[in-house]
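Here are the chains, one letter per residue:
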Amino acid sequence: MSTRAEAEAMGHISSDGNFNMAQAQTSRKGFCSVRHGLALIVHLCNFSIFTQQMNLSIAIPAMVNNTALAGPSNTSTERPPTAPQDSWSETLKEFKPMAPTYDWSPDMQGIILSSLNYGSFLAPIPIGYMSGIYGAKYLVGIGLFLSSVLTFFIPLAADAGAAFLVVIRIVQGITQGMVLTSQYTIWVKWAPPLEKSQLINIAISGQLLGSFIIFLIGGFLCQTIGWPYIFYIFGGIGCACSFLWFPLFYDNPINHPFISTGEKEYIMRSLAQQDSSPAWSLPIKAMVRSLPLWAILIFHFTEFWSFYIFMDYTPTYFSTILQANVRDSGILTSLLLVAAFICTIFGGLLADFLLSRKLLRLMSIRKLFTAIGVLVPSAALVSLHWTRSSLSATMALLALSFSTTTFCQVGAFVNFLDIAPRYTGFLKGLSQVFAHTSGAISSTLAGFIMNQDSEFGWRNVFLISASVNVSGLVFYLIFGQAEVQDWATEQTLTYF
């Protein structure tokens, strides 16, 4: 049933399609509302998924530590604690357990890090389609639980060989795609138009908080209790979050047992004109011919090109270029993520403020925030090569890049909710395919470039990333739209 039909069935829409805004305002309740509580629950799920997604990035420098003792031909050795790098390490040396290390080349490390994306090329499409039909509750809950269980097996898979680890990561990528793809269908039913940006950004900020926590304490865990415990600890947290998800989440405000009548009416009325009824058939031909849709998909490919390089190689950049140890590189990366987390929340609130005050049209907001989220980080990326000798300058540029990139979250990344709300799940899945494809290519290519050219490898990686990002922005600025497309309305559907 569509949102409008549901509202009419509840008797909330007058004959002219309007509703009492005064009553609606009194039922919004700000951040104490159930819908904001729901955003926090999704925030926790994203937190868990990204701790599991990023834990290998912070652990891999310790897993391939060059100071490891020579071992047998299976490329794995048990190493005692290495010589302390400072007094902090000396104090903790006696508590360090023995942990295996592996002889993985930069090329192999790139393959392992990018393998999370390999299994996600096609999985998000059926996942997104199913979430549009059946809702997100079971897809998110089951996906989070399975990803958490697989996290426990990563140390065993690494010890069995790189091939086993790649297989585990591929399957884990599919389960994580269930969470990251299907969650966007939640906001079709729960997010009023003037609060959509802030609710989505509260939810996805959990991704940054999760990355922040894993980078902050991941290095500490590696040097104290051993890198395998990164996977055990955050796998356990993910399982706990999945157990909380099922009793607390509901796909529709109508069915929620704890929501107030006023808030329920406000949500239903604000979405009354939106046709969000699930559709079993898809207008494939019309989608293929839709330039606004292609603008979103191409932008996902180009923007996630640098995103995955950032996430996979930032600790490596700190350890190789800035000569930071595992612990310090994790702390430095976490500081960048704090800036990104703050800007994510701020960006959502600012976008909704501009829209509610009618200072900018929706399409202007989408394009403006997208342009800021691409041009500023690209300029910072290109400048990194010439500031690598200065830690403060490098950190300032990276902080600027990390924080302003988040503006895309209220730009092109949520634009599919504007042009086709009834196909949100499917289109998010389709965009995830483009994003994961980009991540698999960029991470692998970055590892290859750095292995071939140790002196200028990072510079070349940054230049290529900036060029790819700007090309996607230009295409989006030309063809992006924010109006519901004809093929996404029930009256004009044409199927393949």
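Please read all numbers here as calculations on a predicted model, not as lab measurements.

*Asks:* Go over the overall build of the protein chain with me, naming the residues and quoting the values.
*Replies:* A tally of helices and strands in the protein chain yields 21 helices and two strands. A total of 496 residues make up the protein chain; the buried ones form 59% of that total. Within the protein chain, contacts between residues at least 6 apart in sequence are counted, and of these 85% link residues at least 24 apart. When the accessible surface of the protein chain is totalled, it reaches about 19,400 Å², and 67% of it is carbon and sulfur.

*Asks:* Tell me about helix 12 (residues 228-248), and name the residues and values.
*Replies:* Compared with the 30 Å implied by 1.5 Å per residue over 21 residues, the 31 Å span of helix 12 between its first and last C-alpha is a close match. If you check which residues of helix 12 are buried, you get Pro 228, Ile 230, Phe 231, Phe 234, Gly 235, Gly 238, Cys 239, Cys 241, Ser 242 and Trp 245. The elements touched by buried residues of helix 12 are helix 3 (34-63), strand 2 (99-102), helix 7 (137-152), helix 8 (154-160), helix 10 (186-190) and helix 11 (196-224).

*Asks:* Let's hear about the side chain of Ser 242: which residues, and what values?
*Replies:* Assignment of secondary structure puts Ser 242 in helix 12. In this structure the side chain of Ser 242 is engaged in a polar contact, spanning 2.6 Å, whose partner is the backbone oxygen of Cys 239. Excluding residues within four positions of it along the chain, Ser 242 makes contact with Gly 141, Leu 144 and Phe 145.

*Asks:* How would you summarise the packing of helix 17 (residues 362-383) against helix 21 (residues 457-479) if you had to cite specific residues and measurements?
*Replies:* Viewed as axis vectors pointing N to C, helix 17 and helix 21 meet at an angle of 165°, and their least axial separation amounts to 9 Å. Between helix 17 and helix 21, the crossing angle belongs to the class labelled roughly antiparallel. For the crossing formed where helix 17 meets helix 21, the hand is left-handed. The segment helix 17 lies against helix 21, with Met 363, Arg 366, Lys 367, Thr 370, Ala 371, Val 374, Leu 375, Ser 378, Leu 381 and Val 382 engaging Phe 462, Leu 463, Ser 465, Ala 466, Asn 469, Val 470, Leu 473, Tyr 476 and Leu 477.

*Asks:* Run through the pattern of salt bridges, naming residues and quoting values.
*Replies:* Any two side chains of opposite charge can pair, so long as their charged atoms come close to each other. This model, assessed by the stated rule, comprises four salt bridges. We note a salt bridge from Glu 265 to Arg 269, for which the minimum N-O separation is 3.9 Å. Residue Glu 265 and its partner Arg 269 are located together in helix 13 (residues 261-270), separated by four residues, close to a single helical turn. The burial state of Glu 265 is the same as that of Arg 269; both residues are buried. Counted as one network, the salt bridges with shared partners bring together Arg 35, Glu 195 and Glu 263.

*Asks:* How would you sum up the packing of aromatic side chains? Please name residues and give values.
*Replies:* For the structure on display, the rule yields 22 aromatic pairs. With a centroid separation of 5.9 Å and an interplanar angle of 40°, the aromatic rings of Phe 145 and Phe 243 are classed as tilted. Highlighted residues: Phe 145 in helix 7 and Phe 243 in helix 12, separated in sequence by 98 residues. By relative accessible area, which is 32% here, Phe 145 ends up partly exposed.

*Asks:* Describe the environment of Ile 298, listing the residues and the values that go with them.
*Replies:* Structurally, the position occupied by Ile 298 is in helix 15 (residues 291-320). If near-sequence neighbours (up to four positions away) are discounted, Ile 298 is found in contact with Gly 472 and Phe 475.

*Asks:* Please give an account of unusual backbone geometry that cites residues and values.
*Replies:* Unlike most non-glycine residues, Lys 358 shows phi in positive territory, near 60°. Here Lys 358 shows up in the loop between helix 16 (326-356) and helix 17.

*Asks:* Describe the packing of helix 11 against helix 12, and please don't skip the residues or the numbers.
*Replies:* The interhelical angle for the contact between helix 11 and helix 12, taken along N-to-C directions, is 135°, at an axis separation of 9 Å. Overall, the two elements helix 11 and helix 12 adopt an arrangement that is oblique. Between helix 11 and helix 12 lies a crossing whose hand is right-handed. Contacts from Ile 213, Ile 214, Ile 217, Gly 218, Leu 221 and Cys 222 of helix 11 reach helix 12 at Ile 230, Ile 233 and Phe 234.

*Asks:* Go over the nonpolar core, please, and point to the residues and values.
*Replies:* Trp 104, Ile 186, Trp 187, Trp 227, Phe 318, Leu 427 and Trp 487 are the most contacted members of the largest nonpolar core, which totals 120 residues. Ranked by residues supplied to this core, first place goes to helix 3 with 15 residues. Lining this core are residues from two domains, each supplying at least three of them: domain 1 (34-66 + 102-270) and domain 2 (283-495). Listed in part, the seven residues of the second largest apolar core include Ala 351, Leu 354, Ile 365 and Phe 407.

*Asks:* For helix 5 (residues 106-118), give the residues involved together with the corresponding values.
*Replies:* The terminal C-alpha atoms of helix 5, which comprises 13 residues, lie 18 Å apart, in line with the 18 Å expected from a rise of 1.5 Å per residue. Maximum bend of helix 5: about 30°, positioned at Ile 112. Buried within helix 5 we find Gln 109, Gly 110, Ile 112, Leu 113, Ser 114, Ser 115, Leu 116 and Asn 117. Those residues of helix 5 that are buried are in contact with helix 3, helix 9 (162-182), helix 15 and helix 20 (424-452).

*Asks:* Go over the environment of Phe 479 with me, naming the residues and quoting the values.
*Replies:* Mapping Phe 479 onto the fold places it in helix 21. The spatial distance from the C-alpha of Phe 479 to the C-alpha of Ala 295 is 5.9 Å, given a sequence separation of 184 residues. Beyond its immediate chain neighbours, meaning those up to four positions away, Phe 479 contacts Leu 291, Pro 292 and Ala 295.

*Asks:* Any chance you could break down the side chain of Thr 404 for me, citing the residues and the numbers?
*Replies:* Tracing the sequence through the fold places Thr 404 in helix 18 (residues 391-405). Assessed through its relative accessible area of 11%, Thr 404 is described here as buried. Looking at Thr 404, its side chain comes within polar contact range of the main-chain oxygen of Leu 400, at 2.6 Å. The contact partners of Thr 404, leaving out residues within four places of it in the chain, are Ile 372, Gly 373, Val 376 and Pro 377.

Reading the values: rules and limits
- Residues numbered from 1 in each chain as written.
- Predicted model: local features only at pLDDT ≥ 70, side-chain atom pairs only at ≥ 80, totals over all residues.
- Heavy atoms only, no water.
- Helix = DSSP H or I, 4+ residues; strand = E, 2+ residues; numbered from the N terminus.
- Buried < 20%, exposed > 50% of the residue type's maximum accessible area, 1.4 Å probe, protein only.
- Contact = heavy atoms within 4.5 Å.
- Areas by Shrake-Rupley, 256 points an atom, 1.4 Å probe, with all protein chains shown as cover.
- Expected span 1.5 Å × (residues − 1).
- Polar contact = N/O pair within 3.5 Å; in protein donor to acceptor, adjacent residues only side chain to side chain.
- Axes fitted to C-alpha atoms, helices over the stretch in contact; angles between N-to-C directions.
- Parallel < 35°, antiparallel > 145°, perpendicular 65-115°, else oblique.
- Left-handed = near helix turned anticlockwise from the far one by under 90°.
- Salt bridge = Lys/Arg side-chain N within 4 Å of Asp/Glu carboxyl O.
- Phe/Tyr/Trp six-rings, centres within 6.5 Å; stacked < 30°, edge-to-face > 60°.
- Core = buried A, V, L, I, M, F, W, Y, C linked by side-chain atoms within 4.5 Å.
- Domains from an automatic or database assignment.
- Bend = angle between axes of the 7 residues up to and from the residue.

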